[in-house]
Amino acid sequence: MGFSSLLGQPTVVQTLSRALTGGHLAHAYRFEGPDGVGKELAALQLAQALVCEQGDPLGCETCSACRRAVTFHPEPPRVPQHPDVLFVQRGLYPASVLGSGSEATGIGVEQIRRIVLGRVGFPPHEGRALCIIVRDAHELTLSAANALLKTLEEPAPRTHFILLTNQPRRLLDTIRSRTLAVRFRPLPEQIVGDLLEARGVPREVAAFAGGSVSQGLALAEEEARTARERFVAAADAALAAPDLAGALPLAEQRPEERDQLLQLLSHLAHTYALRARAAIREETDEAQRLAERYGVVTRAMTDLQRNGQAGLVLEAMVTQLRRT
Ligand SMILES: [Zn+2]
């Protein structure tokens, strides 16, 4: 097993697998490359290998330790459930944990002191080793970087660091020279397409994602937002038009997928609810009408969920909206 979910990075998998099976894992790595190509995933899989209770040198991925290494606490701070897999990231921990210091400008020295130095040098709680993952390591403040440097220069036994960054040049030279670079490439379009599809995003988006899943997700979100805005604008136009012909643009906005139409309708209902609330606040007499519109749209959603034919449901909705 090992690195089974890290797709499209064969060189990285080979490098890390060899280091693990050969027993010459570096004390500190620097995973470099664009966002959304698997750096953190690789770090987590490396962490699994270090804490696996089955003794699988690459991590069995199924034992309790392996699973807890990649399962995050649902409540903040959202860190892995395994006590030997630590995360450092700007703003990850509340002030109550760090004691003091704002992290507005970067990862503060307090975080390094409390989260990292407080653990380094002590044996791991459960696993074979302690694994410390630093997200966006280029955001280390100078004092934090220097505090970290000390432990990078004098490696504690059974402790491994993985610094993640998309801007390695922003790291101190001294940090760079103490960490071994592993370079991550943009992913092949095919793989980005697969990964996007698994998250419910049309795979065509991959063509514009530059080999990055996070970029693809951001694009899809942007596209979805534009579609929502257009849908609301078309609904407004349909209501303002002198006759039903004005509803044509709205019909044209109708997506083929029922779920997508439901999402758009849900957004429209939400928009009416927000407008109604604003009308109440501003004490205009629109509130009643907007509340009725909200009701019309939610009823249309129910009809659609009961397998109503999308075109007819939309038409009936516009007719009723125009009566409000
Ligand atoms: Zn395991």
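Thresholds applied
- Residues numbered from 1 in each chain as written.
- Predicted model: local features only at pLDDT ≥ 70, side-chain atom pairs only at ≥ 80, totals over all residues.
- Heavy atoms only, no water.
- Helix = DSSP H or I, 4+ residues; strand = E, 2+ residues; numbered from the N terminus.
- Rg over C-alpha atoms; globule rule 2.2 N^0.38 Å.
- Buried < 20%, exposed > 50% of the residue type's maximum accessible area, 1.4 Å probe, protein only.
- Contact = heavy atoms within 4.5 Å.
- Areas by Shrake-Rupley, 256 points an atom, 1.4 Å probe, with all protein chains shown as cover.
- Lys, Arg positive; Asp, Glu negative; His and termini not counted.
- Charge placed at Lys NZ, Arg CZ, Asp CG, Glu CD.
- Axes fitted to C-alpha atoms, helices over the stretch in contact; angles between N-to-C directions.
- Parallel < 35°, antiparallel > 145°, perpendicular 65-115°, else oblique.
- Left-handed = near helix turned anticlockwise from the far one by under 90°.
- Nonpolar A, V, L, I, M, F, W, Y, C, P; charged D, E, K, R; others polar.
- Domains from an automatic or database assignment.

Chemist: Break down the overall build of the protein chain for me, citing the residues and quoting the values.
Modeler: For the protein chain, the helix and strand inventory stands at 13 helices and five strands. Against the 2.2 N^0.38 benchmark of 20 Å for 324 residues, the protein chain shows a C-alpha radius of gyration of 26 Å, more extended than a compact globule. Seen through its C-alpha atoms, the protein chain measures out along the principal axes to roughly 75 × 45 × 35 Å. Within the protein chain, the fraction of its 324 residues that count as buried is 48%. Looking at the protein chain alone, contacts between residues at least 24 apart form 64% of all its contacts between residues at least 6 apart. Total accessible area on the protein chain stands at roughly 16,700 Å², and carbon and sulfur atoms take up 51% of it. For the protein chain, the centre of its 36 positive side-chain charges and the centre of its 37 negative side-chain charges are spaced 5 Å apart.

Chemist: Help me get a handle on the packing of helix H8 (residues 189-198) against helix H9 (residues 213-240), residues and values and all.
Modeler: Remark: H8 packs on H9, axes separated minimally by 10 Å, with the N-to-C direction vectors making an angle of 55°. One finds that H8 runs oblique with respect to H9. With respect to the hand of their crossing, H8 and H9 are arranged in right-handed fashion. From H8, Val192, Leu195 and Leu196 reach across to H9, where they touch Val213, Gly216 and Leu217. Across the contact of H8 with H9, the residue classes break down as five nonpolar, one polar and no charged.

Chemist: Residue-level account of the domain arrangement of the protein chain, with values.
Modeler: The domains assigned to the protein chain are domain 1 (10-185) and domain 2 (216-323). The gap between the C-alpha centroids of domain 1 and domain 2 is 46 Å.

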